[in-house]
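So the chains spell out like this:
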Amino acid sequence: DSGVTQTPKHLITATGQRVTLRCSPRSGDLSVYWYQQSLDQGLQFLIHYYNGEERAKGNILERFSAQQFPDLHSELNLSSLELGDSALYFCASSVAVPNTGELFFGEGSRLTVL
Amino acid sequence: GQSLEQPSEVTAVEGAIVQINCTYQTSGFYGLSWYQQHDGGAPTFLSYNGLDGLEETGRFSSFLSRSDSYGYLLLQELQMKDSASYFCAVRDDKGNTPLVFGKGTRLSVIA
């Protein structure tokens, strides 16, 4: 158990819909990262928050947005969903500066868009 | 930007040794990490190399050559449970920057 909690674990929805994925980082971790993993693909970095502020953006679509709240949990909002958005979405957390490159990943939220 | 190359698949026999290579191109460099991911599971951290040389953690070792932009993960005494995907990842700055992952190497351990 990494200490990172993601909900929901599974989500099935239709094209055009909107969903929210939630992540609670490990106790004390200020950084939250979101990654997308499609079938047979690596982990694509989406966005990074540190202590409530956006720090870096990857290849995140304009239809996607995220935020980190004062209690440090984070939400990833996906809207106008398309079939290609079906993927495993991981949240990871770390201390402020992960000197060893160690991120702690949640179990992921598997999104299926029909 | 950054790019990482690693083989897509490797097969090895139980009890043997396997090496998974990773080459990278980054604008800056602040360490090479390795992660393991079993099917349907979360990636878990295995090792980190910030400096050249070999780091050993039990049956797993990781090597880095910064001059060659190259590293590898060495798995010894392979077990069936080592069947998983292995990802190398880099950061290009020591600041609070995200890890960029390779596409992963799927290791199959056979009897």
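The coordinates are above.
Residues numbered from 1 in each chain as written. Chains lettered and ligands numbered in written order. Predicted model: local features only at pLDDT ≥ 70, side-chain atom pairs only at ≥ 80, totals over all residues. Heavy atoms only, no water.

Digging into the packing of aromatic side chains
Inspection of the entire model under this criterion finds 14 aromatic pairs over all chains. Stacked on the ring of Phe104(A), the Lys or Arg Arg26(A) has its end atom at 3.6 Å from the ring centre. (Phe/Tyr/Trp six-rings, centres within 6.5 Å; stacked < 30°, edge-to-face > 60°. Lys NZ or Arg CZ within 6 Å of the ring centre and 35° of its normal.)

What to know about empty space enclosed by the protein
Residue and element names in this part refer to chain B. Taken as a whole, this structure holds 1 cavity of 30 Å³ or more when the rule is applied. What the largest cavity holds in volume is close to 30 Å³. Per-element tally for the lining of the largest cavity: the top contributor is strand E7 (residues 60-65), with 3 residues. Looking at side-chain class alone, the lining of the largest cavity contains 3 nonpolar, 4 polar and no charged residues. (1 Å grid on protein atoms, 1.4 Å probe; cavity = no way out; pocket = protein on both sides within 12 Å on 5 of 7 lines; lining within 4 Å. Points joined across faces, edges and corners; volume = space filled by probe spheres on them. Helix = DSSP H or I, 4+ residues; strand = E, 2+ residues; numbered from the N terminus. Nonpolar A, V, L, I, M, F, W, Y, C, P; charged D, E, K, R; others polar.)

A look at the sheet that holds strand E3 (residues 19-24) of chain A
Residue and element names in this part refer to chain A. A sheet is described by the order of its strands in space; here 4 strands give the open sequence E1-E3-E8-E7, paired in antiparallel fashion. Only two strands of the sheet have a single partner each, and these edge strands are strand E1 (5-7) and strand E7 (64-68). Between one strand axis and the next, the sheet turns through 15° on average, direction left out of account. (Pairing = 2+ DSSP bridges. Axes fitted to C-alpha atoms, helices over the stretch in contact; angles between N-to-C directions.)

Thoughts on the nonpolar core
What tends to happen in soluble globular proteins is that the nonpolar side chains get buried as a cluster. If you look at the biggest cluster of nonpolar residues, it comprises 21 residues, and the most contacted ones within it are Leu32(B), Trp34(B), Leu75(B), Tyr86(B) and Leu107(B). When residues of this core are traced back to their parent elements, those giving at least two are strand E2 (9-13), strand E3 (18-25), strand E4 (32-37), E7, strand E8 (70-75), strand E9 (84-90) and strand E11 (105-110) of chain B. Contact partners of Leu107(B), with chain neighbours within four places excluded, come to Val10(B), Ala12(B), Val18(B), Leu75(B), Leu78(B), Asp82(B), Ser83(B), Ala84(B) and Tyr86(B). Counting residues in each nonpolar core, the second largest holds 20 residues, with Leu21(A), Phe64(A), Leu76(A) and Val113(A) among its members. (Core = buried A, V, L, I, M, F, W, Y, C linked by side-chain atoms within 4.5 Å. Buried < 20%, exposed > 50% of the residue type's maximum accessible area, 1.4 Å probe, protein only. Contact = heavy atoms within 4.5 Å.)

Let's talk about the pairing of strand E6 (residues 53-57) of chain A
Residues and elements named next belong to chain A. Relative to E6, strand E5 (residues 43-50) is paired through 4 bridges, and the arrangement is antiparallel. Pairing of Ile47 across the sheet is with Lys57, part of E6. Between the antiparallel neighbours E5 and E6 lie 2 residues, among them Asn51 with a positive phi of about 50°.

Remarks on the interface of chain A and chain B
On the chain B side, the residues contacting the 24 residues of chain A number 19 residues. Of the roughly 1800 Å² buried between chain A and chain B, counting both surfaces, carbon and sulfur atoms make up 54%. The largest contributions to the chain A side of the interface with chain B come from Leu43(A), Gly101(A) and Phe105(A), which together make up 23% of the buried area. Our enumeration of links across chain A and chain B arrives at 0 salt bridges. (Buried area = accessible area lost by both parts, 1.4 Å probe. Salt bridge = Lys/Arg side-chain N within 4 Å of Asp/Glu carboxyl O.)

Let's talk about the layout of surface pockets
Computed from the structure, the second largest pocket encloses a volume of approximately 320 Å³. Contributing to the lining of the second largest pocket are 19 residues, with Leu43(A), Gln44(A), Gln2(B), Val100(B) and Phe101(B) lying nearest its centre. Of the residues belonging to the lining of the second largest pocket, the class tally is 9 nonpolar, 7 polar and 3 charged.

A closer look at the sheet that holds strand E1 (residues 3-5) of chain B
All names here are of chain B. Here 5 strands make up an open sheet; going across it, the order is E1-E3-E8-E7-E6 and the pairing antiparallel. Lying at the two open borders of the sheet, with one neighbouring strand each, are E1 and strand E6 (53-57). Across the sheet, the axes of successive neighbouring strands diverge by a mean angle of 20°, strand direction being ignored. Pairing of E6 with E7, which is carried by 5 bridges, proceeds in the antiparallel orientation. Paired with Leu54 across the bridge in E7 is Phe63.

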